[in-house]
Amino acid sequence: MLSVALQTLRTRWITFVGGFVALALGVGLIATTGLALASSLDAPEHGPERFARASAVLRPPDTLRVPTPVGERVKPLAAPKAVTPEQAAKAAAAGRTVEDRSFPVRAEGGPRELVGHPWSTAAFAPYELSSGRAPRAPGEVVVTGDWAKPGQSVRTARGKFTVVGTARDLGFEDAVFYTDRQAASLSPRIDQLAVEGPAGEVRAAVGGLRVLTGEDRRFADADPDRDGQALVAVNAMLGTAAGMTGFVSVFVVASTFAFAVAQRRREFGLLRTAGATPGQIRRMVTAEALLIGVLASAAGCALGAWGAPRLAAYLVDNEVAPPWFTIGDDTWPYHLAFWTGLLVALAGVVAASWRAGRVGPAEALRDASVDTRTMTWGRWLFGGGLLVAGIGTLVFALMSQPGELLHRKTYTSRPMLLITAFALLAPVLVRPLTRLLAWLPAQLPGAGGMLVRENAAAGVRRTAAVAAPVLVMVALAGSLLGATATLNEAKATEVRERTAADFVVTGAGPGGFDRAAVERMRQIPGARVTPSAESAVFVLEEGVALIRSDARAVEPAGLGAAFDLPLAAGTAAGLDDRSIIVNDEWERHTVGDTVDVWLGDGTRASLTIAAVMRTGTGGNGVYITPRNAAGAPVDRVDVTLAAGADRAAVAEGLREAADPLGASVRSREAWIAASYPETSRQTRVGYLVVLGIALLYTGIALANTLVMAASDRVRELAVLRLAGATGAQVLRLVAAEAAMVVVVGGVLGTVVAGLNLAGLWAALGVLGAGSPVVVPWETLGAAVGACGVIAVVCAVVPAGLSLRIRPVELAGVRE
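Now for a look at the structure at hand.

## Digging into the overall build of the protein chain
Here's step 1: In terms of regular secondary structure, the protein chain is built from 24 helices and 23 strands.
Here's step 2: Burial status across the protein chain gives 49% buried among its 815 residues.
Here's step 3: With the model as given, the accessible surface of the protein chain reaches about 36100 Å², and the carbon-plus-sulfur share is 59%.

## Description of the packing of helix H15 (residues 460–498) against helix H22 (residues 727–766)
Here's step 1: Between H15 and H22, the shortest axis-to-axis distance is 6 Å and the interhelical angle comes to 30 degrees. In the crossing of H15 with H22, the sense of the turn from one axis to the other is right-handed.
Here's step 2: Split by residue class, the contact of H15 with H22 holds 18 nonpolar, 10 polar and two charged.

## Some words on helix H11 (residues 408–424)
Every α-helical turn comprises 3.6 residues, leaving residues that sit three or four positions apart pointing alike.
Here's step 1: Counted at 1.5 Å a residue, the expected span for H11 with its 17 residues is 24 Å, and the 26 Å between its end C-alpha atoms agrees.
Here's step 2: Among the residues making up H11, those that are buried are Thr410, Tyr411, Thr412, Arg414, Pro415, Met416, Leu418, Ile419, Ala421, Phe422 and Ala423.

## Brief notes about the sheet that holds strand E4 (residues 96–100)
Here's step 1: One open sheet holds the four strands; their spatial order is E4-E12-E1-E13, and the pairing between them is antiparallel. Edge positions in the open sheet fall to E4 and strand E13 (210–212), since each of these has one partner strand only. Ignoring strand direction, the axes of neighbouring strands in this sheet form an average angle of 25 degrees.
Here's step 2: Pairing between strand E1 (residues 56–59) and E13: three bridges, direction antiparallel. Within the sheet, the bridge partner assigned to Val57 lies in E13 and is Leu212.

## Some thoughts on the packing of aromatic side chains
Here's step 1: Overall, the coordinates contain eight aromatic pairs when judged by the stated rule.
Here's step 2: Summarising the aromatic geometry, the rings of Phe161 and Tyr178 are spaced 5.2 Å apart at their centres and angled 80 degrees between planes, so their arrangement reads as edge-to-face. Placement of Phe161 in strand E10 (residues 159–167) and of Tyr178 in strand E11 (residues 174–178) is noted, with a sequence separation of 17 residues between them.
Here's step 3: Look at Phe161 and you get buried, because its relative accessible area is 4%.

## Section: the packing of H11 against H22
Here's step 1: Interaxial distance between H11 and H22 falls to 10 Å at its minimum, and their mutual angle equals 145 degrees. Crossing angle aside, the handedness with which H11 passes H22 is right-handed. In this structure, H11 uses Arg414, Pro415, Leu418, Ile419 and Phe422 to contact H22, whose residues at the interface are Leu748, Val751, Val752, Leu755 and Asn756.

## Focus on the pairing of strand E22 (residues 634–641)
Here's step 1: Most of E22 sits out of view: seven of its eight residues are buried.
Here's step 2: With seven bridges joining them, strand E15 (residues 527–541) and E22 adopt antiparallel strand pairing. If you follow Ser532 over to E22, its bridge partner there is Arg636.

## What to know about a nonpolar patch on the surface
Here's step 1: On the surface, a cluster of nonpolar side chains totalling about 350 Å² of accessible area is made up of Val789, Val793, Val797 and Leu801.
Here's step 2: Within the secondary structure, Leu801 sits in helix H23 (residues 777–802).
Here's step 3: Judged by relative accessible area, Leu801 falls into the partly exposed class, the value being 47%.

## A closer look at the pattern of salt bridges
Here's step 1: For the coordinates displayed, the defined rule picks out 19 salt bridges.
Here's step 2: Between Glu555 and Arg522 there is a salt bridge, and its shortest N-O distance comes to 3.0 Å. Of the two residues, Glu555 sits in the loop between strand E16 (545–554) and helix H17 (556–562) while Arg522 sits in helix H16 (residues 515–522), which places them 33 residues apart along the sequence.
Here's step 3: Residue classification places Glu555 among the partly exposed positions, given a relative accessible area of 27%.
Here's step 4: The class for Arg522 is partly exposed, based on a relative accessible area of 31%.
Here's step 5: One network of salt bridges, in which partners are shared, links Arg50, Asp100 and Glu173.

## Here we look at the side chain of His117
Here's step 1: Along the chain, His117 turns up in strand E6 (residues 114–118).
Here's step 2: In terms of polar contacts, His117 uses its side chain to reach the side chain of Arg50, at 3.4 Å.

## What to know about the nonpolar core
Here's step 1: Among the nonpolar cores identified, the biggest contains 80 residues, and Val234, Leu238, Leu315, Phe325 and Leu702 are the most heavily contacted of them.
Here's step 2: Looking at this core element by element, the count peaks at 12 residues for H15.
Here's step 3: Apart from residues lying up to four places away in sequence, Leu702 is in contact with Val466, Pro469, Val470, Val742, Cys787, Ile790 and Ala791.
Here's step 4: Membership of the second largest hydrophobic core comes to 22 residues, among which are Ala508, Ala517, Ala527 and Val639.

## Brief notes about the environment of Thr625
Here's step 1: Tracing the backbone shows Thr625 in the loop between strand E21 (622–624) and E22.
Here's step 2: When residues no more than four places from it in sequence are discounted, the contact partners of Thr625 are Ala553, Val554, Pro556, Leu575, Asp576 and Asp577.
Here's step 3: A distance of 2.7 Å separates a polar atom in the side chain of Thr625 from a polar atom in the side chain of Asp577.

## Quick notes on the environment of Asp62
Here's step 1: With respect to the helices and strands, the residue Asp62 is situated in the loop between E1 and strand E2 (63–68).
Here's step 2: Along the primary structure Asp62 and Leu209 are separated by 147 residues, whereas in three dimensions their C-alpha atoms are 9.9 Å apart.
Here's step 3: Apart from residues lying up to four places away in sequence, Asp62 is in contact with Pro76, Leu77, Pro80 and Arg210.

## Description of helix H3 (residues 85–94)
Here's step 1: Taken together, the buried positions of H3 are Gln87, Ala88, Ala91 and Ala94. One side of H3 carries all its buried residues, which in axial view fall inside an arc of 130 degrees. Exposed and facing more than 90 degrees away from the buried side of H3 are Pro85, Glu86 and Ala93.

## Focus: the environment of Val554
Here's step 1: With respect to the helices and strands, Val554 occurs in strand E16.
Here's step 2: Taking the C-alpha atoms as reference, Val554 lies 9.4 Å from Leu575; in sequence the two are 21 residues apart.
Here's step 3: Leaving out residues up to four positions away in the same chain, Val554 has contacts with Thr530, Pro531, Ser532, Leu559, Phe563, Leu575, Tyr623, Ile624, Thr625 and Pro626.

Calculation criteria
- Residues numbered from 1 in each chain as written.
- Predicted model: local features only at pLDDT ≥ 70, side-chain atom pairs only at ≥ 80, totals over all residues.
- Heavy atoms only, no water.
- Helix = DSSP H or I, 4+ residues; strand = E, 2+ residues; numbered from the N terminus.
- Buried < 20%, exposed > 50% of the residue type's maximum accessible area, 1.4 Å probe, protein only.
- Areas by Shrake-Rupley, 256 points an atom, 1.4 Å probe, with all protein chains shown as cover.
- Axes fitted to C-alpha atoms, helices over the stretch in contact; angles between N-to-C directions.
- Left-handed = near helix turned anticlockwise from the far one by under 90°.
- Nonpolar A, V, L, I, M, F, W, Y, C, P; charged D, E, K, R; others polar.
- Expected span 1.5 Å × (residues − 1).
- Pairing = 2+ DSSP bridges.
- Phe/Tyr/Trp six-rings, centres within 6.5 Å; stacked < 30°, edge-to-face > 60°.
- Contact = heavy atoms within 4.5 Å.
- Patch = residues over 30% accessible without salt bridge, like charges linked within 9 Å, V, L, I, M, F, W, Y side chains within 5 Å.
- Salt bridge = Lys/Arg side-chain N within 4 Å of Asp/Glu carboxyl O.
- Polar contact = N/O pair within 3.5 Å; in protein donor to acceptor, adjacent residues only side chain to side chain.
- Core = buried A, V, L, I, M, F, W, Y, C linked by side-chain atoms within 4.5 Å.
- Arc of directions from axis to C-beta.

No statement about biological role is implied by the geometric values presented.
Given below as structure tokens:
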């Protein structure tokens, strides 16, 4: 049978080329995304930067550690405490230490993220003067880089300063160095202590501080894990892309191989007539799949090696990945892609080979092309099971944890169940859907509409195989883009309903608004100012899980005026320094309960629940008072107009107070629009990668399937010519049939997307964040249109080539 298999590969090369191309591209896509994903798992570690020359750095704890019965739980603190004056004095008495301070600086003409330090800490990097001298008096500064020159006067939010020197930029920050005394007056908080000389005596003298030595000194830098954090979004996006790519590839490859085997019923019947046993037929089909699988998987790995660096460059160019991101030397993605491709190729023909082995000799005598027994018990079992699982898990999630349906991992992975279910059940759905869609064309004069309907309905396997890639593309595009747009609309609705202020002032930088800036805003006639700060609280759930909740610290007097909270119980007026407002995610707590929490700086507190908010889209967090958010800078100021206040005058006063800080003053409507204008850039690029890959692969799979199908329709088209149809009529018939099958796939994909979006809409309703479903009709239409163009071209071109042969000769063609 091996010789027969090789001979079959030679004579039916179009069919096998189609399978080879589908598998090679699928393996290539898996290898490409796998290599990129592997490269995003590990970020390069930086050594100490600001304190590379320090013996040690004394730093307050920046993590919360809570012992539990199952081990210690650790979370990063939102606002670590400062070094106390007493600790600084003890350290200085035990050895030579330098107080370090870091604070944001806004300077006209300077970099956006300038940070101020005492000059005495510059030697630990070390920074070296490239021009000028060190600062000696108040009002003198040294800057890094070349954005200012010695002698130049620089205006900042805290007054004018004279640049007396410049230092070489070391690449990890844009710094402004003040005299030690002036730095202390600008930022009294001591962030950490740098140690000169042996750290042993200092370590023994100071308690409550972390002693960082060696490589651990990098944790004293402003953002020691910045490279790892930069890869978090890349890793999440590539993980989604890899999952989607793997699903689409496996789906299309398995469908293509199964269709290729189903095309050869008459061939298998001839082999059975010649004396081949069912086992021999199965072994032949398996040998063919094994040979194609090995060659195509190897080609796909080579394609992945070519595509991965280009994907990485695309992510860097679009600022999704950091500039240093490149493809590493991991080899496991090649193994994963190769063996996945080979196993999928074999799995795609296993069920079909068993059907091939059951083909009887009588099949060789059949001239009819009507597909029979297209639904095996396996398709019924797996298709029905996946459909029940998809709908059942959706209902269960709505009843138990509706918030899970709003998570990106959920609404990107859930469509796969329904897509696979609909694809397996496609033979049942295709025939009635085809007859429904073609009912009106079939009523028109002429036989064209009727032939389109009957051809598509009779060739169920061909129709289902062509519709499957379109189903995948439309379902993915509708589910992903529709879910994102629906959630964005729900979030915008929430913000609109919760914001009661007339103006919102934000964007003052990492240091936020200082007390003087807030007081200047309070002095504006007609302005009722409510400053707030972002912080966090931690709670131990069920004694074992340490949960972090985002918190907003607001002055109780202004809470009701600036915020319209979605309360389910209690009142906002009950908030004070001994209470907290939580949301429905704190399921075991009600109004009046006392909860033990850890504040953003790690301080433990017992607070009474004053009110409970509806969960909504998950962004409600909790509300506390500024006293319970020590160290959190004011990052937002809500301003409500007093009765009779001049709106324009208030807006002008706010701008005068905010401009020196680089902050933005927006009206309520403008702030809502700016807060949730659209999907983030990283998410858009991620979806573009996923959907771009899906569309590309869908188009190729569609072309493959149609070219494979065209090779079996030569005699059918010849019979139409002999019956009196002209060449143009035959081509129009083929084009119309291809277009209609694409529409069938588009309808099935739209149904799948509709079911997923309906589940998301129901979850939002349960969570109290009702929002209309946003369906990306333009994208769906574009996807179906693109698939339609590809389908028509790939169906008409082979048909046109076959028409160049005389119909009498074509009618006599045998397999």
